[in-house]
Amino acid sequence: QAQEMLSEARALVREAPGDPSAALALGEAALALYEPETAVEALDQVVRADSEHAEGHYLLGRAKRMAGDAEGAEAALRRALELTLARGESPAPSVLALYADALLAVGQAEPASEAYAAALEADAGLPEALVGQAELAVRSEREDDALELLGRAQRVLEQRIRPPAMHARIHTLAGRAHLLRGRSGEEDARTALRRAIESEAAPPEAHFFLGEALAGENSPDARASYERYLELAPEGAFAARARRAIR
């Protein structure tokens, strides 16, 4: 069905080139099929035609985040929020959480924390915001806080449906939090990280941190985990550490 929607949207664009409505339909369909390049091109056309199109900026932010353009995603989502507030409306909690993710991706931890808090004030059980706050806790080495937040997120996910990537991210962050406990947390870390990489949607860093959790045993599996991380993210944030580990 999604593929059919994309084909229909492409046909609309061919019939009415330059029509923002057709471009919006194409952008939404491309997002549904995880085709970020197509989505970015279409949604950029929407916001060029109408710079105050809040939904267009929001969808463009999603597309740019999907494409790996952290700075572009942050700018587009910030504009969407500005336009929403200018109309006297309250942003949806999910939009606040996505903006917080974008802020975190460009290294703005404090504003990200504030945005996650605002999202949770509006929806105390929003998994994206709980997991985002857990990532901030892991980054600041507050493992107990991180694990408490992840536990809350997992309980919420018994009632709310989210894609496999969300569950894999939770297991990855739990593994990282357990690793912060040193040797006493290594076994729990291995368990969580192995659960993470069972999913095709696991973030590449799950393999890196599994390597870290296995390194104390001087295990061939540790080397394999580092190598897998480098296959998936050769220029990733942990690439230099992974290369040093397998020398």
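Residues numbered from 1 in each chain as written. Predicted model: local features only at pLDDT ≥ 70, side-chain atom pairs only at ≥ 80, totals over all residues. Heavy atoms only, no water.

Draft legend 1. A look at helix α9 (residues 143-156). Between the first and last C-alpha of α9 there are 20 Å, a value that for 14 residues agrees with the 20 Å anticipated at 1.5 Å per step. The set of residues buried in α9 consists of Glu143, Ala146, Leu147, Leu149, Leu150, Gly151, Ala153 and Val156. Those residues of α9 hidden inside the fold are in contact with α8 (127-139) and α10 (164-179). (Helix = DSSP H or I, 4+ residues; strand = E, 2+ residues; numbered from the N terminus. Expected span 1.5 Å × (residues − 1). Buried < 20%, exposed > 50% of the residue type's maximum accessible area, 1.4 Å probe, protein only. Contact = heavy atoms within 4.5 Å.)

Draft legend 2. Expanded view of the side chain of Arg176. Along the chain, Arg176 turns up in helix α10. For Arg176, which is buried and forms no salt bridge, the nearest opposite charge comes from Glu135, at a distance of 4.7 Å. Among residues more than four places away in sequence, those in contact with Arg176 are Val138, Phe209 and Phe238. (Lys, Arg positive; Asp, Glu negative; His and termini not counted. Salt bridge = Lys/Arg side-chain N within 4 Å of Asp/Glu carboxyl O.)

Draft legend 3. Region of the structure containing the nonpolar core. Counting 37 residues, the largest nonpolar core has Tyr116, Ala129 and Ile170 as its most contacted members. Those elements giving two or more residues to this core turn out to be α5 (70-86), α6 (93-105), α7 (109-122), α8, α9 and α10. Ranked by residue count, the leading element in this core is α6, at nine residues. Each residue touching Ala129, except ones within four places of it in the same chain, is listed here: Ala97, Tyr116, Ala119 and Leu120. (Core = buried A, V, L, I, M, F, W, Y, C linked by side-chain atoms within 4.5 Å.)

Draft legend 4. Just the layout of surface pockets, in detail. As a volume, the largest pocket reaches approximately 1,800 Å³. If you go around the largest pocket, you meet 38 residues; those closest to its centre are Arg65, Leu98, Asp101, Ala165 and Arg169. Put simply, the parts of the chain that give the lining of the largest pocket at least two residues each are α4 (54-66), α6, α8 and α10. At seven residues, α10 tops the list of elements feeding residues into the lining of the largest pocket. A class-by-class count of the residues in the lining of the largest pocket yields 24 nonpolar, four polar and ten charged. Here the second largest pocket is characterised by a volume of approximately 180 Å³. As for the second largest pocket, its lining consists of Val138, Arg139, Glu141, Arg176, Leu179, Leu180, Gly182, Glu186, Phe209, Glu212, Phe238 and Arg241. Every element with two or more residues in the lining of the second largest pocket is listed here: α8, α10 and α12 (205-215). Each residue belonging to the lining of the second largest pocket can be placed in one class, and the counts come to five nonpolar, one polar and six charged. (1 Å grid on protein atoms, 1.4 Å probe; cavity = no way out; pocket = protein on both sides within 12 Å on 5 of 7 lines; lining within 4 Å. Points joined across faces, edges and corners; volume = space filled by probe spheres on them. Nonpolar A, V, L, I, M, F, W, Y, C, P; charged D, E, K, R; others polar.)

Draft legend 5. Local environment of α8. With 13 residues, α8 should reach 18 Å at 1.5 Å per residue; the first-to-last C-alpha distance of 18 Å fits that figure. In terms of burial, α8 is largely enclosed, as ten of its 13 residues are buried. Of the residues making up α8, those classed as buried are Pro127, Ala129, Leu130, Val131, Gly132, Ala134, Glu135, Leu136, Ala137 and Val138. On its buried face, α8 sits against α6, α7, α9 and α10.

Draft legend 6. Quick peek at the side chain of His171. As for its position among the elements, His171 is in helix α10. Under the relative-accessibility criterion, His171 is labelled buried at 12%. If we skip the residues at most four places from it in the chain, His171 touches Gln154, Ala192, Leu193, Arg195 and Ala196.

Draft legend 7. Layout of the pattern of salt bridges. Scanning all chains against the criterion turns up 15 salt bridges. In this structure, the salt-bridge partner of Arg160 is Asp123, at a minimum N-O distance of 2.9 Å. Placement of the pair is Arg160 in the loop between α9 and α10 and Asp123 in the loop between α7 and α8, with a sequence separation of 37 residues. Assessed through its relative accessible area of 28%, Arg160 is described here as partly exposed. Three or more residues are tied together by salt bridges with common partners; here these are Glu135, Arg139 and Arg169.

Draft legend 8. Broad picture of the environment of Gly236. In this structure, Gly236 sits in the loop between α13 (220-232) and α14 (239-245). Under the relative-accessibility criterion, Gly236 is labelled partly exposed at 23%. It is 10 Å that separates the C-alpha atoms of Gly236 and Phe208, two residues lying 28 residues apart in sequence.

Draft legend 9. Region of interest: the packing of helix α3 (residues 36-49) against α4. At a closest axis distance of 9 Å, the pairing of α3 and α4 adopts a crossing angle of 155 degrees. One finds that α3 runs roughly antiparallel with respect to α4. α4 is crossed by α3, and the crossing has left-handed handedness. Of the residues in α4, those in contact with Pro36, Ala39, Val40, Leu43, Asp44, Val46 and Val47 of α3 are Gly56, His57, Leu59, Leu60, Ala63, Lys64 and Met66. Here the residues of the contact of α3 with α4 sort into ten nonpolar, two polar and two charged. (Axes fitted to C-alpha atoms, helices over the stretch in contact; angles between N-to-C directions. Parallel < 35°, antiparallel > 145°, perpendicular 65-115°, else oblique. Left-handed = near helix turned anticlockwise from the far one by under 90°.)

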